[in-house]
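# Residue-level structural notes
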Amino acid sequence: MLSFEDARQLVIRKVAEHLGPPATSSRPLSEALGFILAQEVVTDRDYPPFDRSTRDGYAVRSSEASPGAYLRCVAEIKAGDTVTSPLVSGTCIQIMTGAALPPEADAVVMVEFTQRNGETVGFDRATEPGQNIVPRGSEARAGQLALKQGSRLGFAELAIAAQIGAAHLLCAKKPHVAILSTGDELVPITETPGPFHIRNSNSVSLASQVRLAGAEPVPLGHALDRIDDLAAKIELGLQEDVLVLSGGVSMGKYDLVESVLHSLGAQLFFDAVAIRPGKPTVFGRCRDAWVFGLPGNPVSSMVTFQLFVIPALDLLSGAPARPLPFLEATLKEHVKEKASLAHFLPAHLEWHGLSPRVSALRWQGSGDISALSGANCFLLVPPDRLDISAGEKVSVLPRLDVL
Ligand code: AMP
Ligand code: MG
């Protein structure tokens, strides 16, 4: 059986093999957060565009502002002022943070290290050339690459685009992900379940995970555990870029998803991974869509989505596949698992200063959604280290939606 790392690499390899250029559209910055950049963006001019003071103080010729020296203050420059006249020898100019340095000045002395008496400014310390100045073009040169194609547009990337006046950006279209739950026991969340039915919560969690991953969910409700209903709804889902199914992939008599996918011509690349929860996860391609069959137990579907679906969505969005963002934490209480699988346990991560500590939460297994209240990560118990003592270092997969 594949390890979760190998299964993930297989997803990445298969999707990358079929990848064409993504469809694109131009978006204003206010609607570009979370999209993937489909163009290169270059810097429009030098940054900073002038020699910029980083302190409130006095612009000087550094050789003249020595300990015990006095200079006459002849002007003031604040941020935004037009600066043309050079600094005359024997004088200084009061300057504010963010303002442009006058020609012939080569340093700024912080106001804290001066004494002012009328127009005269006295200096306490030696002044180094270049001190408290960011030279023109030292942050970025005009024409230099500012944002790479394939960048994920977060707040900093949008600020870079804003700085250089790129008010619209060409972005890749988000992949569309059909979400189909399966199971005779399910009712829509707007209906009251009978005593032996349950609400279809996976459609909600999976749609949320799709959105958080930067893709567009297409909810298809649920299918009954019947070949005709499953086949009809799967065919609908195959019209999207990706179809994510939940349930119906285990060994039970009514777990029909794999056989229906086969009957529709799917090629399956794996149908089991050495993890718990999530062992019977299915990945394949059918017609022009990628298909993931995730186990129906809610925690299984959440974990397997994070491990296997997100890298596919990254690639289909025009970005590289993000690594799994494992953190190292100190285990608070002993954990012990029996099965030789990689276990992902709902857990709580807390910080004392800079070092995180983690404890597994009490749960009744992968059907226990209630255990997730308070779970801000999944604790990895690797198959070769099933018995871990308190105080040992462990890896945890943070829930990036809540942390
Ligand atoms: P399955 O993988 O189809 O055997 O489903 C396993 C269990 O997961 C079922 O018995 C349900 O309790 C639960 N389950 C399946 N689908 C859903 C769903 N869409 N929402 C909530 N729970 C589900
Ligand atoms: Mg089922």
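The structure under discussion appears in the preceding block.
Residues numbered from 1 in each chain as written. Chains lettered and ligands numbered in written order. Predicted model: local features only at pLDDT ≥ 70, side-chain atom pairs only at ≥ 80, totals over all residues. Heavy atoms only, no water.

This paragraph deals with the overall build of the protein. A tally of helices and strands in the protein yields six helices and 28 strands. Over its C-alpha atoms the protein spans a radius of gyration of 30 Å, topping by over 25% the 22 Å that the globule rule assigns to 403 residues. Dimensions of the protein, computed from C-alpha atoms along their principal axes, come out at roughly 95 × 50 × 40 Å. Counting over 403 residues, the protein shows a buried share of 47%. Here the contacts in the protein between residues at least 6 apart in sequence split such that 69% fall between residues at least 24 apart. Carbon and sulfur atoms make up 53% of the accessible area of the protein, which totals about 19,500 Å². Averaged over its 36 positive side-chain charges, the protein has a centre that lies 2 Å from the centre of its 44 negative ones. (Helix = DSSP H or I, 4+ residues; strand = E, 2+ residues; numbered from the N terminus. Rg over C-alpha atoms; globule rule 2.2 N^0.38 Å. Buried < 20%, exposed > 50% of the residue type's maximum accessible area, 1.4 Å probe, protein only. Contact = heavy atoms within 4.5 Å. Areas by Shrake-Rupley, 256 points an atom, 1.4 Å probe, with all protein chains shown as cover. Lys, Arg positive; Asp, Glu negative; His and termini not counted. Charge placed at Lys NZ, Arg CZ, Asp CG, Glu CD.)

Of all the positions in helix α3 (residues 202-212), only Asn202, Ser203, Ser205, Leu206, Ala207, Gln209 and Val210 are classed as buried. Its buried side turned inward, α3 meets β13 (176-182), β16 (216-223), β17 (242-246), β21 (289-294) and α6 (298-316). Directly after α3, the chain includes Gly214, whose backbone phi takes a positive value near 95°.

For sheets, the rule is that strands pair by backbone hydrogen bonds, running either parallel or antiparallel. Taken in spatial order, the six strands of this open sheet run β16-β13-β17-β21-β20-β18, and their pairing is mixed. Of all strands in the sheet, those bounded by a partner on one side alone are β16 and β18 (267-270). Adjacent strand axes in the sheet meet at a mean angle of 20° when their direction is disregarded. As paired elements, strand β20 (residues 282-286) and β21 share five bridges and run antiparallel to each other. From the neighbouring strand, Cys286 faces β21, where its bridge partner is Ala289. Across the sheet, helix α1 (residues 4-17) lies against β18, β20 and β21, angled at about 140° from β18, the strand it touches most. (Pairing = 2+ DSSP bridges. Axes fitted to C-alpha atoms, helices over the stretch in contact; angles between N-to-C directions.)

Another aspect to go through is the site of ligand 1. Every one of the 17 residues lining ligand 1 counts as a neighbour, but Asn200, Ser201, Gly248, Gly296 and Asn297 are closest to it. Asn200 places a side-chain nitrogen or oxygen 2.8 Å from a nitrogen atom of ligand 1. A distance of 3.1 Å separates an oxygen atom of ligand 1 from a polar backbone atom of Asn297. The protein chains hide 77% of the 480 Å² of surface that ligand 1 would expose on its own. Most atoms of ligand 1, that is more than half of them, are within 2 Å of grid points of the second largest pocket. (Near = heavy atom within 4 Å. Polar contact = N/O pair within 3.5 Å; in protein donor to acceptor, adjacent residues only side chain to side chain. 1 Å grid on protein atoms, 1.4 Å probe; cavity = no way out; pocket = protein on both sides within 12 Å on 5 of 7 lines; lining within 4 Å. Sits in = over half its atoms within 2 Å of the grid points.)

What follows covers the layout of surface pockets. The volume enclosed by the largest pocket comes to roughly 870 Å³. In this structure, the largest pocket is lined by 32 residues; those nearest its centre are Gln209, Leu212, Ala213, Leu400 and Asp401. When residues of the lining of the largest pocket are traced back to their parent elements, those giving at least two are α3 and α6. It is α3 that provides the largest number of residues to the lining of the largest pocket, a total of seven residues. Considering only residue class, the lining of the largest pocket consists of 16 nonpolar, nine polar and seven charged. By volume, the second largest pocket is sized at about 500 Å³. Looking at the second largest pocket, it is lined by 31 residues, and the ones nearest its centre are Gly247, Pro295, Gly296, Asn297 and Pro298. Broken down by secondary-structure element, the contributors of at least two residues to the lining of the second largest pocket are β15 (198-199), β19 (275-276) and α6. Across the lining of the second largest pocket, the residue classes tally to eleven nonpolar, 14 polar and six charged. (Points joined across faces, edges and corners; volume = space filled by probe spheres on them. Nonpolar A, V, L, I, M, F, W, Y, C, P; charged D, E, K, R; others polar.)

Another aspect to go through is the packing of aromatic side chains. Under the criterion given, the structure shown has seven aromatic pairs. Taking 5.2 Å as the distance between ring centres and 80° as the angle between the ring planes, the aromatic pair formed by Phe4 and Phe344 counts as edge-to-face. In this pair, Phe4 sits in helix α1 while Phe344 sits in strand β24 (residues 342-352), placing the two residues 340 residues apart along the sequence. Residue class for Phe4 comes out buried when judged on its relative accessible area of 5%. Judged by relative accessible area, which is 0%, Phe344 ranks as buried. Considering the side-chain rings of Phe270 and Phe308, the 5.9 Å spacing of their centres and the 65° angle between planes classify their relative orientation as edge-to-face. Of this pair, Phe270 sits in strand β18 while Phe308 sits in helix α6, and the two are 38 residues apart along the sequence. Classification of Phe270 by relative accessible area gives buried; the value is 6%. Taking relative accessible area as the criterion, Phe308 reaches 0% and is therefore assigned buried. Through pairs of rings, three or more aromatic residues link up here, namely Phe269, Phe270, Phe283, Trp290, Phe292 and Phe308. The cationic tip of Arg285 hangs over the ring face of Trp290; the distance from NZ or CZ to the ring centre is 4.4 Å. (Phe/Tyr/Trp six-rings, centres within 6.5 Å; stacked < 30°, edge-to-face > 60°. Lys NZ or Arg CZ within 6 Å of the ring centre and 35° of its normal.)

These figures capture arrangement, not role.
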